[in-house]
Amino acid sequence: MNRKCGICTGCGDRRFRWSLSFAALILLLILLAFWNIGAGSVELPAREILDILFSPRRQQDAGWHIVWDIRLPRVLAAAVLGGALSVSGFLLQTFFANPIAGPFVLGISSGAKLAVSMVMIALLERGIMMSSGFMILAAFAGAMISMGFVLLISRRVRSMSMLVICGVMIGYICSAATDFAVTFADDANIVNLHNWSLGSFSGISWENVRVFAAVSAAGLILAFLLAKPMDAYQLGEVCARTMGVNIRRFRVELILLSSLLSACVTAFAGPVSFVGIAVPQLVKRLLKTGKPVLAIPGCFLGGAVFCLFCDLIARTTFAPTEISISSVTAVFGAPVVIYMMVRRRQRTEP
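Quick caveat: nothing in here was measured; it's all calculated off a predicted structure. (Residues numbered from 1 in each chain as written. Predicted model: local features only at pLDDT ≥ 70, side-chain atom pairs only at ≥ 80, totals over all residues. Heavy atoms only, no water.)

### Focus: the overall build of the chain
Test applied: Each helix is a run of DSSP H or I of at least 4 residues and each strand a run of E of at least 2, with the numbering of both proceeding from the N terminus. For the exposure calls, accessible area comes from a 1.4 Å probe over protein chains only, and a residue counts as buried if that area is under 20% of its type's maximum, exposed if over 50%, partly exposed in between. Under the convention used here, a 1.4 Å probe and the Shrake-Rupley method define accessible areas, while residue burial counts only the protein chains that appear.
Counting its regular elements, the chain contains 15 helices and zero strands. When burial is assessed residue by residue, the chain has 49% of its 350 residues classed as buried. Per element, the accessible surface of the chain, about 17700 Å² overall, is 66% carbon and sulfur.

### Observations regarding the packing of aromatic side chains
The condition that has to hold: A pair of aromatic rings is counted whenever rings of Phe, Tyr or Trp (Trp by its six-membered ring) have centres within 6.5 Å, and the orientation is called stacked for planes under 30 degrees apart, edge-to-face for over 60 and tilted otherwise.
The full count for this structure, using the stated rule, is seven aromatic pairs. When the centroid spacing of 5.8 Å and the interplanar angle of 45° are considered together, the rings of F104 and F274 count as tilted. Here F274 lies in the loop between α12 (247-269) and α13 (275-287) and F104 lies in the loop between α3 (62-96) and α4 (108-124), a separation of 170 residues in the sequence. Since its relative accessible area comes to 17%, F274 is described here as buried. With 5.1 Å between their ring centres and 50° between their planes, Y233 and F250 make a pair best called tilted.

### So, the packing of helix α9 (residues 206-225) against α12
For the record, the criterion: Here the axes come from fitting lines to C-alpha atoms, over the contacting stretch only for helices, and the angles between their N-to-C directions go from 0 to 180 degrees. Each angle is binned into one of four classes, with values under 35 degrees roughly parallel, values over 145 roughly antiparallel, values of 65 to 115 roughly perpendicular, and all other values oblique. Each crossing is labelled by how the near helix is turned from the far one, with a counterclockwise turn of less than a right angle marking it left-handed and a clockwise turn marking it right-handed. For this analysis, residues touch if any pair of their heavy atoms sits within 4.5 Å.
At a closest axis distance of 10 Å, the pairing of α9 and α12 adopts a crossing angle of 160°. The angle between α9 and α12 places the two elements in the roughly antiparallel class. When you trace α9 past α12, the crossing you get is left-handed. Contacts from N208, V211, F212, V215, S216, G219, L222 and A223 of α9 reach α12 at L257, L260, L261, C264 and F268.

### Some points on unusual backbone geometry
With a phi angle near 70°, F274 is a residue other than glycine that sits in the positive phi range. Phi is positive for K288, which is not a glycine, with a value near 60°. Mapped onto the elements of the fold, K288 is located in the loop between α13 and α14 (292-316). A residue is classified by how much of its surface remains accessible, and K288, at 60% relative accessible area, is exposed.

### What about the environment of K228?
The residue K228 is located in helix α10 (residues 227-233) in this model. Look at K228 and you get exposed, because its relative accessible area is 70%. Sequence-wise, K228 and P292 are 64 residues apart; in three dimensions their C-alpha atoms are separated by 7.6 Å.

### Observations concerning the environment of A218
Position of A218 among the secondary structure elements: in helix α9. Owing to a relative accessible area of 36%, A218 belongs among the partly exposed residues under this scheme. In this structure the C-alpha to C-alpha distance between A218 and L257, which are 39 residues apart in sequence, comes to 9.7 Å.

### Describing α4
Our working definition: Helix span is expected to be 1.5 Å times the residue number reduced by one.
Under the 1.5 Å per step criterion, the end-to-end length of α4 is 24 Å for 17 residues, consistent within 8% with the ideal 24 Å. Judged by how many residues are buried, α4 sits mostly within the fold: 13 of 17 residues are covered.

### What about α12?
Taking 1.5 Å per residue as the helical rise, α12 with its 23 residues ought to reach 33 Å, and the 33 Å between its terminal C-alpha atoms agrees with that figure. Downstream of α12 by one or two residues, G270 has phi in the positive range, about 80°.

### Topic: a nonpolar patch on the surface
Note the following rule: What makes a patch is a set of residues exposed beyond 30% relative accessible area and free of salt bridges, joined within 9 Å when like-charged and within 5 Å when nonpolar (Val, Leu, Ile, Met, Phe, Trp, Tyr). Should a side-chain nitrogen of Lys or Arg be within 4 Å of a carboxyl oxygen of Asp or Glu, the pair is scored as a salt bridge.
Residues M162, I165, M169 and Y172 make up a contiguous nonpolar surface patch of roughly 420 Å² in combined accessible area. Inspection of the secondary structure puts M169 in helix α6 (residues 160-183).

### Regarding the nonpolar core
Just so we agree on the cut-off: Take the buried residues of types Ala, Val, Leu, Ile, Met, Phe, Trp, Tyr and Cys, join any two whose side-chain atoms come within 4.5 Å, and each joined set is a nonpolar core.
Formed by 94 residues in total, the largest nonpolar core has its most connected members in L81, F201 and F212. The leading source of residues in this core is α3, at 17 residues. Setting aside residues no more than four positions away along its own chain, F212 makes contact with L76, A77, V80, L81, I204, C264 and F268. If you look at the next biggest cluster of nonpolar residues, it comprises nine residues, including I100, V164, F274 and V337.

### Concerning the pattern of salt bridges
Summed over the entire model, instances satisfying the criterion amount to six salt bridges. One salt bridge in this structure joins R241 and E237, with 3.6 Å as the shortest N-O distance. Taken together, the residues R241 and E237, both in helix α11 (residues 237-242) and four residues apart, mark about one turn of the helix. Under the relative-accessibility criterion, E237 is labelled partly exposed at 29%. Via salt bridges that share partners, R74, D311 and E322 belong to a single interconnected network.

### Brief notes about the state of the cysteines
Let me state the cut-off plainly: Two cysteine sulfur atoms make up a disulfide if the distance between them is within 2.5 Å.
Inspection of every chain in the model, using the stated rule, returns zero disulfides. Note on C307: no disulfide assigned, nearest cysteine sulfur contributed by C310 at a separation of 6.3 Å.

### Things to note about the side chain of S86
The line we're drawing: Side-chain atoms alone can form a polar contact between residues adjacent in sequence; in general such a contact is a pair of N or O atoms within 3.5 Å, and within protein one must be able to donate a hydrogen while the other accepts it.
With respect to the helices and strands, the residue S86 is situated in helix α3. For S86, a relative accessible area of 0% translates into the label buried. Within the structure, S86 has its side chain in polar contact with the backbone oxygen of C299 (distance 3.0 Å). Residues contacting S86, with those up to four places away along its chain left out, are V275, G276, V279, P280, C299 and G303.

### As for the side chain of R315
What counts, and what does not: Note that His is not counted, nor are the chain ends; the positive residues are Lys and Arg, and the negative ones are Asp and Glu.
Tracing the sequence through the fold places R315 in helix α14. The buried charged residue R315 lacks any salt bridge partner; its closest oppositely charged side chain belongs to D311, at an N-O distance of 4.3 Å. Within the local environment of R315, its side chain forms a polar contact with the backbone oxygen of A39, the two atoms lying 3.0 Å apart. Setting aside residues no more than four positions away along its own chain, R315 makes contact with N36, I37, A39, G40, R74 and E322.

Note that all results are geometric; they support no functional claim without further evidence.
Below you can see the structure in the form of structure tokens.
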């Protein structure tokens, strides 16, 4: 007997929306990836890009080296690191139960930037090159120190707005310390850190790609493993405890994982602003749900699309001059943050 069920119809509508949303994000990701590979001082049409990607015989061509040595690693960096940063923001928003929490706003990215800069300066002055793994460790240490300050403040400050302000102040202090160290460095290689400290996906090598892809993949898998306790945690601590979630251990895992993903991004691309706070909100609005099992892959795809789009603007709008990626992401991400803060204020007012 066929009977129409409103609940089942609603489930079907939601699944259709989710499928359509993921399909749209994947399509945008592919289109932007090809657009980024083809755009630049040497324009490459899509047919030539495909021929270069799947024809090893063209290794002696200039176009082959442009794609494989310069543009493709940069595209992968923007996609993977942008996705990782967005997932890190989603984890922090889940931890603080607030939509305006993010690694850049809370000063975590700036702490990672300061640690990497100081360690890199110390090593370069001795003629020692910094490995990719050591960069991630330094960035992770800086991110954990900044996160520690944020957690200490959160125990004394009940208002999330005040916590955000304190996080912004921590970020400014770390950025000022980084700029001071870079400005007075003598070595030419150290002075070039200024470009990295502003945020950029340029200069990525295939060795870097292998490292950050492995770290990001591990982080994404661990985030999926935390999807069920996160789902319970979103309902409240009491509900999570009744469902068997160890709140203390879960919080530590969430902090470590979000800091690791944020540190990985900062180590290779510098601080990238507003991706970790704006993209999760846009993705949750697109999917009409904040369920981690859907939001985590959605945030990864959304962050990849957002950073590919912003990186395209950063390097082509005023070519040959390149804008820092943080400047572009701020232009598109800051209005989302302002909207979220205004809307949250209106909800709390009687």
